[in-house]
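Examining the three-dimensional arrangement
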Amino acid sequence: MNSINEIIKTRRTIHKFLNQRVNEDELLDCLEASLCAPNHKLTDPVRYYLAGEQTRKNVFDFLVETKQNKSGPLDENQMLSFEQKFINPSHLVIISQALNPDPLTSKEDYATVACSVHNLSLLLWEKGIGLKWSTGKKIKSPKLHEITNIDIQKESIEGLLWIGIPKLTPPSPPRAKLNELLKRLN
Ligand SMILES: Cc1cc2nc3c(=O)[nH]c(=O)nc-3n(C[C@H](O)[C@H](O)[C@H](O)COP(=O)(O)O)c2cc1C
């Protein structure tokens with residue numbers, strides 16, 4: 001796989017990972033390159049947090065608790081699938097956005113966050129490494145900010161990035177065709 005076109009078209013969000021380690025230097029190289037995202041006014045809004053063992057455990061416990069509060073106690077099978085989902089990925093990177101009081105800057109900064117995640121996803125995909133960008137209500141929880149030592153007054157968590165060797169690559173979801181979305185203007 002080499003052309004950027006092919007990497008973009010074949011990349012998928014990975015939900016199931018093998019219990020295999022990714023070379024951390026390779027990951028760090030990709031994180032570094034991902035920062036070359038477009039960034040209006042060069043505000044540098046992206047913050048990455050590479051979770052160590054204790055943080056992984058705390059995030060796992062937080063996710064179990066959040067799920068149980070929502071849908072009741074997990075049975076043995078559900079717990080097993082939860083473990084595979086959140087323990088198998090080689091790395092967990094938490095991405096946050098440095099807060100800016102100006103709403104327009106904040107919106108543009110989120111665009112940079114999104115571009116950085118996509119850069120990262122493509123850079124990893126080129127090396128056979130998968131990523132899942134996980135969001136939802138849970139990432140806005142003060143408890144998650146507390147666990148990760150991220151000051152909620154200064155930064156906002158924008159994703160849990162689960163990274164590892166894909167166990168299963170899902171089929172491509174249906175996408176709109178260009179001719180459905182493109183209008184030629186005079
Ligand atoms: C801002 C954003 C948030 C996302 N959050 C989640 C999420 O919480 N859980 C999830 O499974 N996928 C999440 N995704 C991945 C999308 O569901 C996925 O990109 C979409 O289904 C298309 O699949 P693909 O990435 O394989 O092309 C998110 C994607 C974006 C851009």
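Parameters and conventions
Residues numbered from 1 in each chain as written. Predicted model: local features only at pLDDT ≥ 70, side-chain atom pairs only at ≥ 80, totals over all residues. Core = buried A, V, L, I, M, F, W, Y, C linked by C-beta atoms within 7 Å. Buried ≥ 20, exposed ≤ 12 C-beta atoms within 10 Å, placed from the backbone. Helix = DSSP H or I, 4+ residues; strand = E, 2+ residues; numbered from the N terminus. Contact = placed C-beta atoms within 7 Å. Pairing = 2+ DSSP bridges. Axes fitted to C-alpha atoms, helices over the stretch in contact; angles between N-to-C directions. Near = placed C-beta within 6 Å. Nonpolar A, V, L, I, M, F, W, Y, C, P; charged D, E, K, R; others polar. Expected span 1.5 Å × (residues − 1). Parallel < 35°, antiparallel > 145°, perpendicular 65-115°, else oblique. Left-handed = near helix turned anticlockwise from the far one by under 90°.

1. Points about the nonpolar core
If you look at soluble globular proteins, the nonpolar side chains tend to sit buried side by side. Ranked by size, the top nonpolar core spans 25 residues in total, and within it I95, L120, L124, L131, L161 and I163 carry the most contacts. Of all elements in the fold, only α2 (24-34), β3 (91-98), α5 (103-126) and β5 (155-164) reach the threshold of two or more residues within this core. In terms of residue count, α5 provides more of this core than any other element does, six residues in total. Among residues more than four places away in sequence, those in contact with L120 are C30, L31, S34 and L131.

2. Section: the sheet that holds β5
The strands that make up a sheet are held in pairs by hydrogen bonds between backbone atoms, and each pair lies either parallel or antiparallel. Spatial ordering of the open sheet is given by β2-β3-β5-β4, a layout of four strands whose pairing is antiparallel. The open sheet terminates on both sides in strands that have one partner only, identified here as β2 (46-50) and β4 (130-134). Averaged over all pairs of adjacent strands, the angle between strand axes in this sheet comes to 25°, irrespective of strand direction. For β3 and β5, the ladder comprises eight bridges, and the chain directions are antiparallel. Note that in β5 the partner of S96 across the bridge is I157.

3. A short note on the pairing of β3
The element β3 is extensively covered by neighbouring structure, given that six of its eight residues are classed as buried. Sheet analysis places β2 next to β3, joined by five bridges and oriented antiparallel. The residue of β3 that forms the bridge with L50 is V93.

4. Digging into the site of the ligand
Lining the immediate surroundings of the ligand are R12, T13, K132, W133, S134, T135, G136 and P173. Split into classes, the residues belonging to the shell around the ligand amount to two nonpolar, four polar and two charged.

5. Overview of the pairing of β5
Counting buried positions along β5 gives nine out of ten residues, so the element sits mostly inside the fold. Both β4 and β5 contribute to a ladder of five bridges, which runs antiparallel. Across the sheet, G130 pairs through a bridge with G164, a residue of β5.

6. Thoughts on unusual backbone geometry
The phi dihedral of D44 is positive, around 50°, even though this residue is not glycine. One can find D44 in the loop between α2 and β2. With 11 C-beta atoms counted inside 10 Å, the residue D44 sits in the exposed group. Here N149, not a glycine, exhibits a phi torsion of approximately 65°, which is positive. Relative to the helices and strands, N149 is located in the loop between α6 (142-147) and β5.

7. Some words on α5
Taking 1.5 Å per residue, 24 residues should reach 34 Å; α5 reaches 35 Å between its end C-alpha atoms and fits that length. What α5 keeps buried is the set D109, T112, V113, S116, V117, L120, S121, L123, L124 and W125.

8. Some words on the packing of α2 against α5
Running from amino to carboxyl end, α2 crosses α5 at an angle of 140°, the nearest separation of the two axes being 8 Å. In terms of orientation, α2 lies oblique with respect to α5. When you trace α2 past α5, the crossing you get is right-handed. Only S116, N119, L120, L123 and L124 of α5 make contact with α2, whose side of the interface consists of C30, L31, A33 and S34. Residues of the contact of α2 with α5, tallied by class, amount to six nonpolar, three polar and no charged.

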